[in-house]
Number of protein chains: 4
Amino acid sequence: MTQPITDAGERTRTFTWSDPLATATAVRDLPGLDAIRMVAAGELPPPPIAELLGMSITHVDRGHVVFALEPAEWMYNPIGSVHGGVAATILDSSLGCAVHTTLDAGVGYATSDLQVRYVRALSSTSGRVLAESRVVHSGRRLATAEGRLFGEADGTLFAHASTSCLILG
Amino acid sequence: MTQPITDAGERTRTFTWSDPLATATAVRDLPGLDAIRMVAAGELPPPPIAELLGMSITHVDRGHVVFALEPAEWMYNPIGSVHGGVAATILDSSLGCAVHTTLDAGVGYATSDLQVRYVRALSSTSGRVLAESRVVHSGRRLATAEGRLFGEADGTLFAHASTSCLILG
Amino acid sequence: MTQPITDAGERTRTFTWSDPLATATAVRDLPGLDAIRMVAAGELPPPPIAELLGMSITHVDRGHVVFALEPAEWMYNPIGSVHGGVAATILDSSLGCAVHTTLDAGVGYATSDLQVRYVRALSSTSGRVLAESRVVHSGRRLATAEGRLFGEADGTLFAHASTSCLILG
Amino acid sequence: MTQPITDAGERTRTFTWSDPLATATAVRDLPGLDAIRMVAAGELPPPPIAELLGMSITHVDRGHVVFALEPAEWMYNPIGSVHGGVAATILDSSLGCAVHTTLDAGVGYATSDLQVRYVRALSSTSGRVLAESRVVHSGRRLATAEGRLFGEADGTLFAHASTSCLILG
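What counts, and at which threshold
Residues numbered from 1 in each chain as written. Chains lettered and ligands numbered in written order. Predicted model: local features only at pLDDT ≥ 70, side-chain atom pairs only at ≥ 80, totals over all residues. Heavy atoms only, no water. pLDDT = per-residue confidence, 0-100. Contact = heavy atoms within 4.5 Å. Buried area = accessible area lost by both parts, 1.4 Å probe. Salt bridge = Lys/Arg side-chain N within 4 Å of Asp/Glu carboxyl O. Polar contact = N/O pair within 3.5 Å; in protein donor to acceptor, adjacent residues only side chain to side chain. Phe/Tyr/Trp six-rings, centres within 6.5 Å; stacked < 30°, edge-to-face > 60°. Buried < 20%, exposed > 50% of the residue type's maximum accessible area, 1.4 Å probe, protein only. Lys NZ or Arg CZ within 6 Å of the ring centre and 35° of its normal. Helix = DSSP H or I, 4+ residues; strand = E, 2+ residues; numbered from the N terminus. Arc of directions from axis to C-beta. 1 Å grid on protein atoms, 1.4 Å probe; cavity = no way out; pocket = protein on both sides within 12 Å on 5 of 7 lines; lining within 4 Å. Points joined across faces, edges and corners; volume = space filled by probe spheres on them. Pairing = 2+ DSSP bridges. Axes fitted to C-alpha atoms, helices over the stretch in contact; angles between N-to-C directions.

Caption draft 1: Expanded view of the confidence of the model for chain A. Per-residue confidence for chain A gives a mean pLDDT of 94; residues scoring 70 or more make up 95%. Predicted as a complex, the structure gets a pTM of 0.96 and an ipTM equal to 0.95.

Caption draft 2: How the structure looks around the interface of chain C and chain D. Chain C puts 48 residues into the contact, and the matching count from chain D is 48 residues. With both sides pooled, the region where chain C packs onto chain D buries about 4200 Å², and carbon together with sulfur makes up 64% of that total. Counting the surface chain C buries against chain D, the share from its top three residues, Trp17, Pro78 and Ile79 of chain C, is 16%. At the junction of chain C with chain D, the criterion picks out zero salt bridges. There are 19 residue pairs in polar contact (both at pLDDT 80 or more) connecting chain C and chain D.

Caption draft 3: Inspection of the packing of aromatic side chains at higher detail. As enumerated under the stated definition, the model contains 10 aromatic pairs over all chains in all. Each ring, one from Phe15 of chain C and one from Trp17 of chain C, has its centre 5.5 Å from the other, and the planes form 35 degrees; the classification is tilted. A relative accessible area of 1% means that Trp17 of chain C is categorised as buried. Three or more aromatic residues joined by ring pairs make a cluster, and in this case those are Phe15, Trp17 and Trp74 of chain A together with Phe15, Trp17 and Trp74 of chain B. Here Arg13 of chain A stacks its cationic end above the ring of Trp74 of chain A, 3.7 Å away from the centre of that ring.

Caption draft 4: Focus on helix H2 (residues 32-41) of chain A. All names here are of chain A. Residues of H2 that are buried include every one of Gly32, Leu33, Ala35, Ile36 and Val39, and no others. Relative to the axis of H2, the buried residues are bounded by an arc of 165 degrees and lie together on one face. Summarising the contacts, the buried residues of H2 are in contact with helix H1 (20-28), strand E2 (56-61) and helix H4 (84-100). Of the residues flanking the end of H2, it is Gly42, one or two places downstream, whose phi is positive at about 80 degrees.

Caption draft 5: Fine view of the pattern of salt bridges. Overall, the coordinates contain 23 salt bridges over all chains when judged by the stated rule. For Arg134 of chain C, the salt bridge goes to Glu132 of chain C, with nearest N and O atoms at 3.4 Å. With a shortest N-O distance of 2.8 Å, Arg128 of chain D and Glu152 of chain D are connected by a salt bridge. Separated by 24 residues along the polypeptide, Arg128 of chain D in the loop between strand E4 (108-118) and strand E5 (129-138) and Glu152 of chain D in the loop between strand E6 (142-151) and strand E7 (157-168) bring together distant segments of the chain. Its relative accessible area of 31% is what places Arg128 of chain D among the partly exposed residues. Using a relative accessible area of 40% as the deciding quantity, one classes Glu152 of chain D as partly exposed.

Caption draft 6: Representation of the environment of Val27 of chain A. By secondary structure assignment, the location of Val27 of chain A is in helix H1. When neighbours within four sequence positions are excluded, Val27 of chain A is seen to be in contact with Ala35, Leu44 and His100 of chain A together with Pro78 and Ile79 of chain B.

Caption draft 7: Spotlight on empty space enclosed by the protein. For the structure on display, the rule yields five cavities of 30 Å³ or more. Space inside the largest cavity adds up to approximately 90 Å³. In this structure, the largest cavity is lined by Gln115, Arg117, Glu146, His160, Ala161 and Ser162 of chain B together with Gln115, Arg117, Glu146, His160, Ala161 and Ser162 of chain C. Looking at the lining of the largest cavity, the elements with two or more residues in it are strand E4 (108-118) and strand E7 (157-168) of chain B together with strand E4 (108-118) and strand E7 (157-168) of chain C.

Caption draft 8: Main features of the sheet that holds strand E3 (residues 64-69) of chain C. Spatially, E2(C)-E3(C)-E5(C)-E6(C)-E7(C)-E4(C)-E4(D)-E7(D)-E6(D)-E5(D)-E3(D)-E2(D) is the arrangement adopted by the 12 strands of the open sheet, whose pairing is antiparallel. The open sheet has two free edges, formed respectively by strand E2 (56-61) of chain C together with strand E2 (56-61) of chain D, since each of these has just one partner strand. Averaged over all pairs of adjacent strands, the angle between their axes in this sheet comes to 20 degrees, without regard to strand direction. As paired elements, strand E6 (residues 142-151) of chain C and E7 of chain C share nine bridges and run antiparallel to each other. Bridge assignment links Glu146 of chain C to a residue of E7 of chain C, and that residue is Ser162 of chain C.

Caption draft 9: Fine view of the interface of chain B and chain A. Listed as interface residues are 48 residues of chain B and, on the opposing side, 48 residues of chain A. Across the chain B to chain A interface the summed buried area is about 4200 Å²; carbon plus sulfur atoms make up 64%. Across the contact surface, chain B and chain A share zero salt bridges. The interface formed by chain B and chain A includes 19 residue pairs in polar contact (both at pLDDT 80 or more). Those elements giving two or more residues to the side of chain B that touches chain A turn out to be strand E1 (10-18), helix H1 (20-28), helix H3 (48-53), helix H4 (84-100) and E4 of chain B. Bridging between strand E4 (residues 108-118) of chain A and E4 of chain B involves five bridges; their strand directions are antiparallel. Residue pairing in the sheet places Arg117 of chain A in a bridge with Asp113 of chain B of E4 of chain B.

See below:
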């Protein structure tokens, strides 16, 4: 993950991942809480998206998950800040995993919708941010969750979000 | 953007970007339609997020923008499909740029919220997808837009979305 | 539905409805398109909410329904315009009925979420408004739809919305 | 608000309201917290929508407002439950008023969007429900809030919601 700058001012980043189906297959047969805990602990390989964005899991509890990420220049949009999709991705990760921790082994889920409310732009100087999500409703067919994206250092709020997930029994 | 596979089954990808502030500064002083057209034509450097995800712009008109992206293994989540944040990112890009094309030089915008509805999972075999967005309301303080993410080959719908953007006069 | 004004400047409105379970029971056993057509044609009693707000159905097609309503003083919020809940209610009605028209006899649905984007305030002088909705995705477990609320006279947009509905097979 | 049943099984309800502009005008010149407190205390006439749906305010604090409502047969949709627009209306009321309590005299707001997630149907036997909302972000141009709709007796969750409001300085 070095970021050398070439003569022409270009930067590069290299990331590495492994076959995502190994984790996906293992995850399917585990109680959700165990599955997310194993990913968090590095006992299962992280999914490629985590390598792509440099995301990690810092807390896992039943219905409550926290992800972390370091905003960087290579995430920028054309208007001079970190692209909103990065906040959406880490919030979606923590929301989905929060729901996942409530599911029994063999039960899957699929995100039905994600809504993100942006309240402050992220930049490469924002410092590490945490996406903390909690399940609000855990039903037979549907689960919902809410999350916050804030600065680890001082709690500054950058975005908040909610989701609805279909439970695939 | 080669993806060599190591002995241990690991894959790597390297991407390259340039200082995002060059484009951001140029964009600020242009009518929005001209700015997005220049990015689409490669006359302004693409923002880092476009390099990160391999996104390109395939159509630009006033209030109507299309982005393209090739779903890949390196975008996967822990449950065996392309992470929903990828669809959110390309939809947010096309929605925001559609709004941007309606703005005069010197007028900025900030996404206030993004909602994505997922109707079918993306995988590395989905083929190239297009995110097509159109402005619905263009007001003095707020603009809204709607978008669709579908397969280029056969029009299969994967997600749809809407946004609200604050206009920063 | 007279609106007499008393000495003290008070206004009153009286509305009438019949047992909603009669319609609900009939609706359950009909193909959705037939059910909504019968409600629109007055062959089934309108639901109480339609009497409460003076809503009627002006168009029914498979996946495409239009509701109408006359904004009035008795719908006002404390800040001098028609309450946003009125737009939400008529949009939710047309969105839900649009989904309903795609369902077979014996198949039900439940709205999972509703998002309304308000772009212009409604007042008692806005004139009759139409809420027109179309199904976007019709799946086995979930259906989505989008709608617009606009003035019947000149098409002025007041709000737009989208929904996701759980299909109860 | 009597609900006589006629020979033909028809029910009627009559409600009364006063000129909404009296309250709207008074509200405009007050600090938001004072304005909502005066409406809650009956020192300003309730807005018509409150009479239409039988809504009242049970708690007002800075950034925190609770509304109450009794679900009833006259709020029913055609599929046998209280129309989702009723939950949307009381949640929108509490969300908007929570934002309003944070505003200075002379500062207005307009709801930009409302999203409601329905997790359990309301019926005429649900008992009184409370819509409790809190401001999440209070900015110069935009404020956001989240709310819950739950049974007063046992806390059963029926819906939750979030909003974004434009601040009109």
